[in-house]
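# Breakdown of the fold
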Amino acid sequence: MFRILVSDAISEEGLTPLRKSEQMEIVQKKVSEAEAELHQFDALLVRSATKVTEELLSKMTNLKIIGRAGVGVDNIDVEAATKRGIVVINAPNGNTISAAEHTFAMMAALVRHIPQAHISVKSREWNRSAFVGTELQGKHLGIIGFGRIGSEVAKRARAFGMTVHVYDPFLTKERAEKLGVSIHTLDEVLACSDIITVHTPLTKETKGLLGEKNLAKTKKGVYLINCARGGIIDEQALIPFLQNGHVAGVALDVFEQEPPGDHPLLKFDNVIVTPHLGASTVEAQLNVATQVAEEILQFFEGKPVTSSINLPALSKDVYDKIQAFYHLAKKMGMIASQYMNIPVQELSVTYAGTVADLETTYITRSLLAGFLRPRVASTVNEVNATMIAKERGITYGEKFSDETHGYANCISLTVHGENKTFTIKGSHIPNYGDRIVHFDGFAIDFAPEGHLLYIQHQDRPGMIGKVGNVLGEHQVNIATMQVGRQEAGGKAIMLLSLDKPIDDAVTQKLTEIEDIDAVKRLEV
Ligand SMILES: NC(=O)C1=CN([C@@H]2O[C@H](COP(=O)(O)OP(=O)(O)OC[C@H]3O[C@@H](n4cnc5c(N)ncnc54)[C@H](O)[C@@H]3O)[C@@H](O)[C@H]2O)C=CC1
Ligand SMILES: O=C(O)CCC(=O)C(=O)O
């Protein structure tokens, strides 16, 4: 049974996929009300109200996945979650249309003074001349950030007869042409637009993007809209531009601090505001809740998640193709780590044959996680493996080759330690399973399963019998055994898989056998 804490107001209907599963138990409580049981939850489902901080994560010791029913994850410490190996997912497009429509509603309200006129009529006034607006048709709209929401706003603006100018450093010419907008520099957009709307995430680069310097580059009488994230337009910097009339009006759905409290901007009649309502529609809330609920379900069923912030995205199709290699790579990483039980600096992975055409980033992450697992006390998985490797000064790289050693596919891992290098190669054979086909210079063929025992010895008659006797004396059954040697009478190895693990005493007994040079237990 998996316990899911739903700590914000999430669409009830959207939770249906989770409610239908007998494996899921949903608890709907604020974090503050669940203090005593925080360590029990496997998943946390939030909107933007819950602040998922490092401190909260340190109390949620069993947490495996955080679902954000929405786009922006700035209420989640993604880095802290990643460090702990917690997957963070969001619902990237479930509320796009609602946010675009809200932006457009704000734009219309702004240029036609609808909120001010509404208040006036409700106060029993009838002052038509005070609320003369401007048309949208023929106006120049500047869009900063042309992703999902920005581009939907553009479509609506074009339908209203506006000319759309876009600034987005990551926008391609082809996409801009397809959507009938022109690409500009930020300065050009600032200079030519009658209305400017921002649709970027809040990042180091976009924080204060419309600050004093850039506001000064806008047209006199410009209207500004922020339905993205508070802080992209610098709230303090706006004040003098509103006071001197350079900015004709501002529409804000989002604030640097939410709620904004007694904010000086709220005193301006030409600043219209909503309480972060961009995604607050029945449709958007159903979409985002369903999306994250389905993803959480997939996750606990061991299937791939497609909208993770801290893992490479994988479609079901791709996942099905890489799954076998993903498991093989993890086992190879674990074996290599235990065999090379010394500090290592570098892992080099080479993919050959059919596996080389797949999404190898994920396979490499799995291999890294397997390698780090025997060395790291905390949780290590595909989410945090690259981060932990970096922290420990282990570099890794991927290569591609045609050399499959006669197999349809081959993954080769070389581990570089201080004075030692070790190479292991593996292949996945459909309908047969995983095989290790090369081990530290020996051609071999064994299944990396269960309790493995590696023995390095001199190639002498009777070695297999001696090893079998020691294991037999200790009631350890041998499931499979593979031997390999470089030349007759020279260095040789045995790889055994045992029905149960052996302890230090048995390992010692094996080491004492004449002509045995090394014994290592390897768990996968
Ligand atoms: N008010 C509300 O309730 C909602 C707000 N949002 C917010 O709206 C914003 C946009 O969301 P989406 O369109 O879904 O995101 P998106 O990721 O599809 O688009 C963001 C765009 O910003 C661009 N960008 C990034 N850095 C930039 C920079 N320095 N200058 C110019 N462009 C830059 C990116 O290239 C991308 O095209 C986000 O901040 C999101 O959190 C989203 C949904 C609802
Ligand atoms: O959950 C909400 O209503 C906020 C939506 C939002 O800002 C987002 O999805 O980025």
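Residues numbered from 1 in each chain as written. Chains lettered and ligands numbered in written order. Predicted model: local features only at pLDDT ≥ 70, side-chain atom pairs only at ≥ 80, totals over all residues. Heavy atoms only, no water.

With an unreviewed UniProt entry as reference, the protein is termed D-3-phosphoglycerate dehydrogenase, source organism Saccharococcus thermophilus. Recorded under Sequence similarities (unreviewed entry), the UniProt text for the protein is reproduced unchanged: "Belongs to the D-isomer specific 2-hydroxyacid dehydrogenase family." (UniProt positions renumbered as here; feature names shortened; annotations may be inferred.)

## Some details on the overall build of the protein
Counting its regular elements, the protein contains 16 helices and 22 strands. The C-alpha radius of gyration of the protein comes to 30 Å, more than 25% above the 24 Å expected for a compact globule of 524 residues. The principal-axis extent of the C-alpha atoms belonging to the protein is close to 105 × 50 × 40 Å. Considering the protein as a whole, with its 524 residues, one finds that 52% of them fall into the buried category. Long-range contacts, defined as pairs at least 24 residues apart, comprise 64% of the intrachain contacts of the protein with a sequence gap of at least 6. Accessible surface, the protein as shown: approximately 24,400 Å² in total, 51% of it carbon and sulfur. Both charge centroids of the protein, one from 54 positive and one from 63 negative side chains, sit 3 Å from each other. (Helix = DSSP H or I, 4+ residues; strand = E, 2+ residues; numbered from the N terminus. Rg over C-alpha atoms; globule rule 2.2 N^0.38 Å. Buried < 20%, exposed > 50% of the residue type's maximum accessible area, 1.4 Å probe, protein only. Contact = heavy atoms within 4.5 Å. Areas by Shrake-Rupley, 256 points an atom, 1.4 Å probe, with all protein chains shown as cover. Lys, Arg positive; Asp, Glu negative; His and termini not counted. Charge placed at Lys NZ, Arg CZ, Asp CG, Glu CD.)

## A closer look at the sheet that holds strand 6 (residues 140-144)
Strand order in the open sheet made by the seven strands is 8-7-6-9-10-11-12, with parallel pairing throughout. The sheet is open, and its two edges are formed by strand 8 (182-183) and strand 12 (271-273), each paired on a single side. Of the strands in this sheet, strand 6, strand 9 (195-198), strand 10 (222-226), strand 11 (247-252) and strand 12 touch helix 4 (residues 96-111), which is tilted by about 150 degrees from strand 10. Most of the contacts of helix 10 (residues 235-243) go to strand 11, to which it runs at about 140 degrees, and overall it touches strand 10, strand 11 and strand 12. (Pairing = 2+ DSSP bridges. Axes fitted to C-alpha atoms, helices over the stretch in contact; angles between N-to-C directions.)

## Overview of the pattern of salt bridges
Counted according to the given criterion, the structure contains 23 salt bridges. Here Glu 37 and Lys 29 are joined by a salt bridge, their closest N and O atoms 2.4 Å apart. Its salt-bridge partner being Asp 504, residue Arg 521 comes within 2.5 Å of it at the nearest N-O pair. One end of the pair, Arg 521, is in strand 22 (residues 516-523); the other, Asp 504, is in helix 16 (residues 504-511), with 17 residues separating them in the sequence. Of the residues examined, Arg 521 reaches a relative accessible area of 33% and is grouped as partly exposed. Salt bridges here are not isolated pairs; linked through shared partners, they connect Arg 3, Glu 25, Lys 29 and Glu 37. (Salt bridge = Lys/Arg side-chain N within 4 Å of Asp/Glu carboxyl O.)

## Some points on the site of ligand 2
The full set of residues close to ligand 2 is Arg 47, Arg 68, Gly 70, Val 71, Gly 72, Asn 95, Arg 229, His 276 and Ala 279. Backbone polar atom of Val 71 to an oxygen atom of ligand 2: 2.5 Å apart, as the coordinates give it. Here an oxygen atom of ligand 2 sits 2.6 Å away from a polar atom, N or O, in the side chain of His 276. Here ligand 2 has 300 Å² of accessible area as a free molecule, and 91% of this is covered by the chains. Split by residue class, the shell around ligand 2 holds two nonpolar, four polar and three charged. (Near = heavy atom within 4 Å. Polar contact = N/O pair within 3.5 Å; in protein donor to acceptor, adjacent residues only side chain to side chain. Nonpolar A, V, L, I, M, F, W, Y, C, P; charged D, E, K, R; others polar.)

## Some remarks on the sheet that holds strand 3 (residues 43-46)
In spatial order, the strands read 2-1-3-4-5; together these five strands make up an open sheet with parallel pairing. Each end of this open sheet is capped by a strand with a single partner; those strands are strand 2 (24-28) and strand 5 (87-90). On average, each strand axis in the sheet is tilted by 20 degrees relative to the strand beside it, whichever way the strands run. In this sheet, strand 4 (residues 65-68) lies alongside strand 3 in parallel orientation, the contact comprising four bridges. Paired with Val 46 across the bridge in strand 4 is Arg 68. Against the sheet, helix 11 (residues 282-300) touches strand 1 (2-6), strand 2, strand 3, strand 4 and strand 5, its axis set at about 165 degrees to strand 4.

## Overview of the pairing of strand 6
Most of strand 6 is tucked away: four of the five residues are buried. Taken together, the five bridges between strand 6 and strand 7 (residues 163-167) define a ladder with parallel strand orientation. From the neighbouring strand, Ile 143 faces strand 7, where its bridge partner is Val 166. After leaving strand 6, the chain enters helix 6 (residues 148-159) and then returns to the sheet as strand 7, a path that is right-handed. Here strand 6 pairs with strand 9 via four bridges, running parallel. Looking across to strand 9, one finds that Ile 143 is bridged to Thr 197. (Right-handed = clockwise from strand over helix to strand, strands pointing away.)

## Let's talk about the nonpolar core
Judged by nonpolar contacts, the single largest core of 69 residues is most densely connected at Leu 18, Ile 411 and Phe 439. By residue number, the principal contributor to this core is helix 12 (residues 316-339), which donates ten residues. When residues of this core are assigned to domains, at least three map to each of domain 1 (2-94 + 283-301) and domain 3 (316-523). When residues no more than four places from it in sequence are discounted, the contact partners of Leu 18 are Ile 4, Met 24, Ile 26, Leu 45, Ala 293, Ile 296 and Leu 297. Membership of the second largest hydrophobic core comes to 29 residues, among which are Met 106, Ile 143, Ala 176 and Val 181. (Core = buried A, V, L, I, M, F, W, Y, C linked by side-chain atoms within 4.5 Å. Domains from an automatic or database assignment.)

## Let's talk about the packing of aromatic side chains
Describing an aromatic ring pair means giving the distance of the ring centres and the angle of the ring planes. Going through the model one piece at a time under the given rule, you end up with eleven aromatic pairs. Measuring from centroid to centroid gives 4.5 Å for Tyr 339 and Phe 422, while their planes differ by 40 degrees, and the two rings are tilted. Of this pair, Tyr 339 sits in helix 12 while Phe 422 is found in strand 16 (residues 421-429), placing the two residues 83 residues apart along the sequence. Each member of the pair, Tyr 339 as well as Phe 422, is classed as buried. Here a set of aromatic residues connected by ring pairs shows up, and it is made of Tyr 339, Phe 422, Phe 439, Phe 446 and Tyr 454. Over the ring of Tyr 339 we find Lys 520; its NZ or CZ atom is 4.8 Å from the centre of that ring. (Phe/Tyr/Trp six-rings, centres within 6.5 Å; stacked < 30°, edge-to-face > 60°. Lys NZ or Arg CZ within 6 Å of the ring centre and 35° of its normal.)

## Observations regarding the site of ligand 1
Around ligand 1, a shell composed of 26 residues is seen, among which Arg 148, Ile 149, Asp 168, Thr 200 and Asp 253 lie nearest. Between an oxygen atom of ligand 1 and a side-chain N or O atom of Arg 229, the distance comes to 3.4 Å. Within the backbone of Gly 278, one N or O atom sits 3.4 Å away from an oxygen atom of ligand 1. Notes on ligand 1: free accessible area 860 Å², of which the protein chains cover 87%. When grouped by side-chain class, the residues that make up the shell around ligand 1 number twelve nonpolar, nine polar and five charged.

## Looking at the packing of helix 4 against helix 6
Orientation of helix 4 relative to helix 6, taken along the N-to-C sense of each, is 50 degrees, at an axis distance of 8 Å. The orientation of helix 4 relative to helix 6 falls into the category oblique. Viewed along their axes, helix 4 and helix 6 form a crossing whose handedness is right-handed. Every residue of helix 6 that contacts helix 4 at Thr 96, Ile 97, Ala 99, Ala 100, Glu 101, Thr 103, Phe 104 and Met 107 is listed here: Arg 148, Ile 149, Glu 152, Val 153, Arg 156 and Ala 157. Looking at the contact of helix 4 with helix 6 residue by residue, the class counts come to eight nonpolar, two polar and four charged. (Parallel < 35°, antiparallel > 145°, perpendicular 65-115°, else oblique. Left-handed = near helix turned anticlockwise from the far one by under 90°.)

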